[in-house]
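Tertiary structure, described
The residues making up each chain are set out below.
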Amino acid sequence: MAELGHTVIAVDSDAGKVESLSRGVAPMFEPGLDELLAVVLPTGRLRFTTDYAQAANADVHFICVGTPQRRGENAADTSFVFAAAQSLAPHLSGKALVVGKSTVPVGTAARLRDRLQQGAPSGVGVRLAWNPEFLREGFAIRDTVAPNRFVYGVQGPSADADVALLDEVYASPLASGTPRLVTDFATAELVKVAANAFLATKISFINAMAEVCEAAGADVVQLADALGHDDRIGRKFLNAGVGFGGGCLPKDIRAFMARACELGADEALGFLREIDAINVRRRSRMVDLAREQCGGTLAGRRVAVLGAAFKPDSDDIRDSPALDVAEAARQEGAVVTVHDPKAIEAARLVHPELAYADTVEGACMGANVVLHLTEWKQFREIDPAALAAVVANPLIIDGRNTLDPARWRSAGWVYRALGRPTV
Ligand code: UDX
């Protein structure tokens, strides 16, 4: 927002994050974010604080807090959204617009407006819009500054004024032709979860095809390439492998099913249970294949895991397929060493029982099998011949189907992958 020319006060309850951001250091790895902070902080248009009162004069208040999966349940935990709203409400003025960005169960916006109204100073009529973001980690800046669409969920007497104010906020991307759709609250809330459900479905579809390919001796990568040429289908999100993880897709499809159930529409989303099951199965299939290739047991085997983040260009390890596989192998008695270009620190905090190495070679030293589980560019650039000299067995299982099988095989490796023929 500051990059777009606005004056921004960012409020967070975590004093550590506020302090670090104020120094220009992002609390997580996102390509270009530290550089962007270095450009924007000296302009004075961006400040960080833990004090809601400092945001009292803002024209627009974005609520961007997380909605993680509730422990032991499928439903989303919206308590952070309501807590932020409760802290903000006493500081609202009549002209201010509150804008929800968080991914929430449909129906939350209407409840939130009531809650904001209860907490607002008397005489202040609360204005709320729902404006989901669709940013991908690793592309967060581009997806924010130049998204592929805007969705404004507006309702009530201020709806037209709310649209006009959001148009002012997003004037620059709108001027470059970004489409914008105006809907009611419920539709705007649903767009986000429906989009993620569709993406998850696409990935699980191709992973189901990978299972069939394995049984039939076919090649899922060629299958995806051929399907992708049909532009009604498209090649994006048809990369088969260990499946989707992260803080969004897995928990969003579960929260979506839980909410549909509350609404009495559970049958409509029954297929998402299967999407989730296919996805989870990919992780155990990876462990099965590693065990099988290691002579029927992982006990005592040295396993190198390349990747800890749930996707490349991120240090986010939430629901990471790579760490799930690493942990499952360790539980079967394997000696597991993990390497990731950015996520080792985060992984070590959550999985202190795993061993970590700062380099690919360090992780692969003496390995009986190498598992490629997060498709960092650096891993595609590995020299297979040089790595063969470091491992005990030149055996690699490509859980992301992004390494070149011919290159690895010609350097003497046994290359195996999910959904691809043995030779
Ligand atoms: C996702 C949505 O893409 C984004 O629009 C939304 O705002 C938030 O959730 P993100 O969680 O950053 O973004 O990751 P995404 O790029 O969607 O990937 C999710 C997972 O799917 C990753 O683990 C990735 O490795 C996996 N994936 C993706 C596949 O297994 N195959 C694919 O073809 C694509």
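What this report covers is the structure whose coordinates are included nearby. In this numbering scheme, every chain counts its residues from 1 along its sequence in written order. Whole-chain, interface and lining totals are the exception, using all residues; otherwise, since this is a predicted model, local features are given only for residues with pLDDT of at least 70 and side-chain atom pairs are given and counted only at 80 or more. Side-chain numbers come from the whole structure's heavy atoms, not from hydrogens or water.

Concerning the site of the ligand
Near is defined per residue: the residue qualifies when any heavy atom it owns lies within 4 Å of the molecule or strand. In the vicinity of the ligand there are 20 residues, among which F134, L135, E137, N239 and K311 approach most closely. Values of accessible area rely on a 1.4 Å probe in the Shrake-Rupley scheme; residue burial ignores everything except the protein chains shown. Relative to its free-state accessible area of 670 Å², the ligand is covered by the protein chains to the extent of 93%. The element best represented in the shell around the ligand is helix α8 (residues 185-216), accounting for 4 residues. As a working rule, the residues Ala, Val, Leu, Ile, Met, Phe, Trp, Tyr, Cys and Pro are called nonpolar, Asp, Glu, Lys and Arg charged, and the rest polar, with Gly in that last group. Here the residues of the shell around the ligand sort into 10 nonpolar, 4 polar and 6 charged. Numbered from the N terminus, helices here are DSSP runs of H or I no shorter than four residues, and strands are runs of E no shorter than two.

Concerning the sheet that holds strand β9 (residues 335-339)
Being paired, for any two strands, means DSSP has found at least two bridges between them. One open sheet holds the 6 strands; their spatial order is β10-β9-β8-β11-β12-β13, and the pairing between them is parallel. A strand with exactly one partner marks an edge of an open sheet, and here the two such strands are β10 (355-356) and β13 (414-417). Throughout, a residue-residue contact means that at least one pair of heavy atoms, one from each residue, lies within 4.5 Å. Note on method: axes are straight lines fitted to C-alpha atoms, helices fitted across the in-contact stretch only, with angles between N-to-C directions ranging 0 to 180 degrees. Sitting on the sheet, helix α11 (residues 270-293) is in contact with β11 (369-372), β12 (395-398) and β13, with an inclination near 165° to β12. Relative to β9, helix α12 (residues 321-331) is tilted by about 160°, and along the sheet it contacts β8 (302-306), β9 and β11.

Points about the sheet that holds strand β6 (residues 150-154)
Reading across from one edge, β3-β4-β5-β6-β7 is the order of the 5 strands in this open sheet, with mixed pairing throughout. Either end of the sheet is taken by a strand with one partner, and the two such strands are β3 (60-63) and β7 (180-183). Taking the axes of each pair of neighbouring strands and ignoring which way they run, one obtains an average angle of 25° across the sheet. Of the pairings in the sheet, the one linking strand β4 (residues 97-100) to strand β5 (residues 127-130) comprises 4 bridges and is parallel in character. In the strand pairing of β5, G100 is matched with W130.

Structural notes on helix α1 (residues 15-22)
Buried within α1 we find V18, S20 and L21. For α1, the angular spread of the buried residues around the axis is 170°, confining them to a single face. For α1, the elements touching its buried residues are α2 (33-40) and β2 (46-49). Backbone nitrogen of G16 and a side-chain oxygen of the N-cap are separated by 2.9 Å at the start of α1; the cap is D14. G24 sits one or two residues past α1 and shows a positive phi near 90°. Each residue gets one of three labels from its accessible area relative to the maximum for its type: buried under 20%, exposed over 50%, partly exposed in between, using a 1.4 Å probe on protein chains only. In this description, one arc is meant: the one made by directions from the helix axis to the C-beta atoms. Under this definition, polar contacts are N or O atom pairs within 3.5 Å; protein pairs additionally need one hydrogen-donor-capable and one acceptor-capable atom, and for neighbouring residues in sequence, both atoms have to be side-chain atoms.

Considerations on empty space enclosed by the protein
Definitions used for this entry: grid spacing 1 Å over protein atoms alone; cavity, a set of points where a 1.4 Å probe fits but cannot get out; pocket, an open set with protein on both sides within 12 Å along at least 5 of 7 lines; lining residue, one with an atom within 4 Å of a point. Grid points are joined across faces, edges and corners, and a volume is the space filled by probe spheres set on the points. Enumeration over the complete set of coordinates arrives at 1 cavity of 30 Å³ or more. By volume, the largest cavity amounts to about 80 Å³. What lines the largest cavity is a set of 13 residues, among which V104, P105, V193, A255 and F256 lie closest to the centre. When contributions to the lining of the largest cavity are tallied by element, the ones reaching two or more residues are α8 and α10 (249-262). Looking at which element gives the most residues to the lining of the largest cavity, the answer is α10, with 5 residues. Residue composition of the lining of the largest cavity, by class: 8 nonpolar, 2 polar and 3 charged.

Notes on unusual backbone geometry
Positioned with a positive phi, F237 is a non-glycine residue whose angle comes to about 65°. Even without being glycine, D319 reaches a positive phi, approximately 45°. Mapped onto the fold, D319 is located in the loop between β8 and α12.

Focus on the nonpolar core
Side-chain atoms within 4.5 Å link the members of a nonpolar core, which is a set of buried Ala, Val, Leu, Ile, Met, Phe, Trp, Tyr and Cys residues. In this structure, V336, C364, V370 and L371 are the most contacted members of the largest nonpolar core, which totals 49 residues. Here this core gets 5 residues from one element, more than from any other, and that element is α12. Contacts of L371, omitting those with residues within four sequence positions, involve M286, A290, V303, A304, V305, L306, V325 and I397. The next biggest cluster of nonpolar side chains, apart from the first, holds 23 residues, and it includes F82, L88, V98 and A188.

Some details on the packing of α8 against helix α9 (residues 220-228)
Put simply, α8 and α9 touch, their axes get as near as 9 Å, and they point 135° apart. Comparing their axes, α9 and α8 come out oblique. Here α8 runs over α9; the crossing is right-handed. The segment α8 lies against α9, with F205, I206, M209, A210 and C213 engaging V220, L223, A224 and L227. When grouped by side-chain class, the residues that make up the contact of α8 with α9 number 9 nonpolar, no polar and no charged. Every angle not falling under 35 degrees, over 145, or within 65 to 115 is termed oblique; those three ranges are roughly parallel, roughly antiparallel and roughly perpendicular. By convention the crossing between two helices is left-handed if the near helix lies anticlockwise of the far one by an angle smaller than a right angle, and right-handed if it lies clockwise.

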